[in-house]
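Architecture and fold: a report
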Amino acid sequence: VTPQLNARGDVAVLVPAAGAGLRLGPGGPKALRLLAGEPLLVHAIRRVAASPSVRTIVVAAPAAEVEAVRDLLATVAPVTVVAGGAERQESVALALAAVPADVPIVLVHDAARALTPPELIESVAAAVRAGHPAVIPVLPVVDTIKEVGPGGDGSETVLGTVDRAVLRSVQTPQGFRHDVLAAAHASASDPLTDDAGLVEKAGLPVTCVPGSDLALKITRPLDLVLAEALLHLR
Ligand code: C5P
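Figured I'd write up the structure that's included with this text. Keep in mind that what you see is a predicted model, and the values were worked out from it rather than measured. (Residues numbered from 1 in each chain as written. Predicted model: local features only at pLDDT ≥ 70, side-chain atom pairs only at ≥ 80, totals over all residues. Heavy atoms only, no water.)

Now for the site of the ligand. Around the ligand sit 15 residues in total, of which Pro 16, Ala 18, Gly 19, Gly 85 and Ser 91 are the nearest. Within the backbone of Ala 17, an N or O atom sits 3.3 Å from an oxygen atom of the ligand. Taking Ala 18, its main chain carries an N or O atom lying 2.9 Å from an oxygen atom of the ligand. Relative to its unbound accessible area of 460 Å², the ligand is 84% covered by the protein chains. Grouping the amino acids of the shell around the ligand by side-chain chemistry returns six nonpolar, three polar and six charged. (Near = heavy atom within 4 Å. Polar contact = N/O pair within 3.5 Å; in protein donor to acceptor, adjacent residues only side chain to side chain. Areas by Shrake-Rupley, 256 points an atom, 1.4 Å probe, with all protein chains shown as cover. Nonpolar A, V, L, I, M, F, W, Y, C, P; charged D, E, K, R; others polar.)

Okay, here's the thing in structure tokens:
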């Protein structure tokens, strides 16, 4: 039996949290790193659980940490914890398998985006509910982005400059009609870094909604400092 938060909710949220987080420097799995004294995963789940549309949450934890994550989240929210896989995409597929068939909307949300506000979760879910098969939160790109290739002496050389005006940074939660995400994962071949990419490959439209600065992905040590500052701002 899948634990439920809100029986009237129409959304399942999958939280891939099985990454090693090597870019954060040495330490345990990224989702369990502390931010203001609590694991990133706890911050993330608390905000997911505060979203009124959410009926059920499935966390993909590192295989060795499933029991520990279950204990950790027991007092935060009712969640299902499954063992994740070697790639993010595999972790998502394993979590998806635990979602009851009658939940119409599935969101995929990185544990590393620990400060994502419930309002963003609701706006992505609302856009799927309004008829969009796949929805992603995006922000404009602030840096100039260049495409590079190998240079002569082990350096990189610029191949071209992409027009920044048509680029977007993509966040999570990414939202899908349950059947659309299931079909996309069933036909997935190469691992991608996000789930909307699978839907794009299947030829379906992916719709953008405005993202949030608070949904930053805590990836590098500096991000932890920024996240801590953002927590204290609120
Ligand atoms: O590595 P990256 O920052 O893209 O990871 C994004 C999210 O995917 C993180 O929350 C991480 O824990 C999760 N992940 C996973 N299983 C993996 C690799 C990453 O659940 N094998």
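Picking up after the structure, the text goes on.
A few words now on the pairing of strand E1 (residues 11–16). Burial analysis of E1 places six of its six residues in the buried class, the great majority of the element. In terms of strand pairing, E1 meets strand E4 (residues 54–61) through six bridges, oriented parallel. In the strand pairing of E4, Val 13 is matched with Ile 57. Looking at chain direction, E1 and strand E6 (residues 105–108) are connected through four bridges and run parallel. Bridging from a neighbouring strand, Val 13 pairs with Leu 107 of E6. (Buried < 20%, exposed > 50% of the residue type's maximum accessible area, 1.4 Å probe, protein only. Helix = DSSP H or I, 4+ residues; strand = E, 2+ residues; numbered from the N terminus. Pairing = 2+ DSSP bridges.)

The next subject is the nonpolar core. Ranked by internal contacts, the top residues of the largest apolar core, which has 29 residues, are Val 15, Leu 41, Ile 45, Ile 57, Val 59, Leu 73 and Leu 107. Looking at this core, the elements with two or more residues in it are E1, helix H1 (40–49), E4, helix H2 (66–73), E6 and helix H4 (118–129). Sort the elements by how many residues they give to this core and H4 lands first, with five residues. Excluding residues that lie within four positions of it along the chain, Leu 107 makes contacts with Val 11, Ala 12, Val 13, Leu 14, Ile 121, Val 124, Ala 125, Pro 173, Gln 174 and Gly 175. Residues Val 82, Ala 95, Leu 96 and Ala 134 belong to the second largest nonpolar core, which totals 22 residues. (Core = buried A, V, L, I, M, F, W, Y, C linked by side-chain atoms within 4.5 Å. Contact = heavy atoms within 4.5 Å.)

The next thing to look at is the environment of Leu 107. Within the secondary structure, Leu 107 is located in strand E6. Take Leu 107: its relative accessible area is 0%, and that puts it in the buried class. The sequence separation of Leu 107 and Val 15 amounts to 92 residues, and the corresponding C-alpha distance is 8.5 Å.

Running from N to C, H1 and H2 cross one another at 50°; their axes reach a closest spacing of 11 Å. Taken together, the axes of H1 and H2 lie oblique to each other. In the crossing of H1 with H2, the sense of the turn from one axis to the other is right-handed. Judged by residue contacts, Leu 41, Val 42 and Ile 45 of H1 engage Val 69, Leu 72 and Leu 73 from H2. Looking at the contact of H1 with H2 residue by residue, the classes come out as six nonpolar, no polar and no charged. (Axes fitted to C-alpha atoms, helices over the stretch in contact; angles between N-to-C directions. Parallel < 35°, antiparallel > 145°, perpendicular 65-115°, else oblique. Left-handed = near helix turned anticlockwise from the far one by under 90°.)

All right, on to the pattern of salt bridges then. According to the stated counting rule, one finds 10 salt bridges in the structure shown. The residue Arg 46 makes a salt bridge to Glu 38 at a minimum N-O spacing of 2.8 Å. Ionic pairing is found between Asp 110 and Arg 113, a salt bridge with its closest N-O pair at 3.7 Å. Shared partners join several salt bridges into a network, and the residues in it are Arg 88, Asp 110, Arg 113 and Asp 195. (Salt bridge = Lys/Arg side-chain N within 4 Å of Asp/Glu carboxyl O.)

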